[in-house]
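Structural overview for review
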Amino acid sequence: MLATTGEIVAQAIAARRGVAAFNVITLEHAEAIVAGAEKADLPVILQLSQNAVKFHNGQLKPISAAAAAVAEAAAVPVSLHLDHIEDDALLHQAVEAGFSSAMYDASTRDYADNVAATHAAAEWAHRNGLWLEAELGEVGGKDGAHAPGVRTDPDEAAAFVKLTGVDALAVAVGSSHAMTERTAALDHDLISRLRDALPVPLVLHGSSGVPDAELQQAVSAGMVKINIGTALNVAFSGAVREFLRQDDRTVDPRKYLMPARDAMADAVTHALTLLAQR
């Protein structure tokens, strides 16, 4: 069933658990995420990033419509979230495309520009019924606020939330995007201080590189929305490689996409169940 991200996050806070938001690249990703959530009997968030939209030739609606159809048919609450949006024009397509939330990413700009751009995005989002997440960072490059060694300052984060009016904040506490090995160590004391300093939910990006015990401890310390992307791609690619290793003559993509989808679903079930434990 289609739900809103705001509802799912609020329910997670009330239940003192985390909720996972998984990146969707293909229809198989969306199907796997929902199948895994149904097996866990837990809500889930489907995320489409700006990079995923670029992969689909810059067209948001075809893949978002497919994801929405999968969400509507689900037996558990599922929301649609537009992730890491730097392009205002793309953000402004969110409502018509069926999204209830978005993450506006101006983290690679300097602080003043980030505040101004994010404030404008939040005002637009709230006028149009969208829940808006943002990110605070001072380091440019692909990793942005999640470059190695970067940490979010609680006082600066509190000021940022007050000035921008965002509904959630992605913070840098030791994780990094696109990690294929689970070796990240989080600063749990910092997570607790950020939780106490901010009136909005905390979001952890780069969670694929974080071990299970670290994720559980992060939720206990105050993290709510946990973004997961690379872990699904690792499961997907591993299943495809294994199938083609055993049968290198197959030309029907359904033959190897089925085990790839199943592997992603298993990863989703594991992550959701883990984050729901108290």
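Residues numbered from 1 in each chain as written. Predicted model: local features only at pLDDT ≥ 70, side-chain atom pairs only at ≥ 80, totals over all residues. Heavy atoms only, no water.

Regarding the sheet that holds strand β8 (residues 223–228)
We count it as follows: Strands qualify as paired when DSSP identifies two bridges or more between them. Every helix listed is a DSSP run of H or I at least four residues long, and every strand listed is a run of E at least two residues long, numbered separately from the N terminus. Lines fitted to C-alpha atoms define the axes here, with helix axes fitted over just the stretch in contact, and angles between the N-to-C directions of these axes take values from 0 to 180 degrees. In this description, contact between two residues means that some pair of their heavy atoms is separated by no more than 4.5 Å.
What the eight strands build is a closed barrel, ordered β1-β2-β3-β4-β5-β6-β7-β8; its pairing is parallel. Each neighbouring strand pair of the sheet contributes to a mean axis angle of 25°, computed without reference to strand direction. Here strand β7 (residues 202–204) pairs with β8 via three bridges, running parallel. Opposite Leu204, over in β8, you have Ile226 as the bridge partner. Across the sheet, helix α1 (residues 5–14) lies against β1 (19–23), β2 (44–49), β3 (78–85), β4 (101–104), β5 (131–135) and β8, angled at about 105° from β3, the strand it touches most.

Some remarks on the pairing of β8
Applicable threshold: Only protein chains enter the calculation, and the probe is 1.4 Å; a residue is then buried if its accessible area is under 20% of its type maximum, exposed if over 50%, and partly exposed in between. Orienting the strands away from the viewer, one traces the path from the first strand over the helix to the second; a clockwise path indicates a right-handed crossover.
Counting buried residues along β8, six of its six residues qualify, which places the element largely inside the surrounding structure. Alignment of β1 against β8, held across four bridges, turns out to be parallel. When the bridges of β8 are listed, Phe22 appears paired with Ile228. Remark: the β7/helix α9 (residues 212–221)/β8 crossover connection has right-handed handedness.

Digging into the nonpolar core
We count it as follows: Here, nonpolar core means buried Ala, Val, Leu, Ile, Met, Phe, Trp, Tyr and Cys residues that are tied together by side-chain atoms lying within 4.5 Å of each other.
Core analysis: the biggest nonpolar cluster contains 81 residues, and Phe22, Leu46 and Leu169 have the highest contact counts within it. Top element by residues in this core is helix α11 (residues 253–276). It accounts for eight residues. If near-sequence neighbours (up to four positions away) are discounted, Leu46 is found in contact with Phe22, Val24, Ala30, Ile33, Val34, Ala67, Ala71, Val78, Ser79, Leu80 and His81. Counting twelve residues, the second largest nonpolar core, distinct from the first, contains Ala3, Ile8, Ala21 and Ala170.

Some remarks on the environment of Asp262
Within the element layout of this structure, Asp262 appears in helix α11. For Asp262, a relative accessible area of 47% corresponds to the partly exposed category. Considered as a pair, Asp262 and Glu28 are 234 residues apart in the sequence and their alpha carbons are 9.4 Å apart.

Notes on the side chain of Ser64
The topology assignment puts Ser64 in helix α4 (residues 60–72). Not counting residues within four places of it along the chain, the set of residues in contact with Ser64 comprises Leu48, Leu80, Ala97 and Phe99.

What about α1?
Threshold: The arc refers to the directions leading from the helix axis to the C-beta atoms.
Those residues of α1 not exposed but buried are Thr5, Ile8, Val9 and Ala12. All buried residues of α1 fall inside an arc of 95° around its axis, so they share one side. The inward-facing, buried residues of α1 contact β1, β2, β3, β4, β5 and β8. Just past α1, the residue Arg16 takes up positive phi, approximately 55°.

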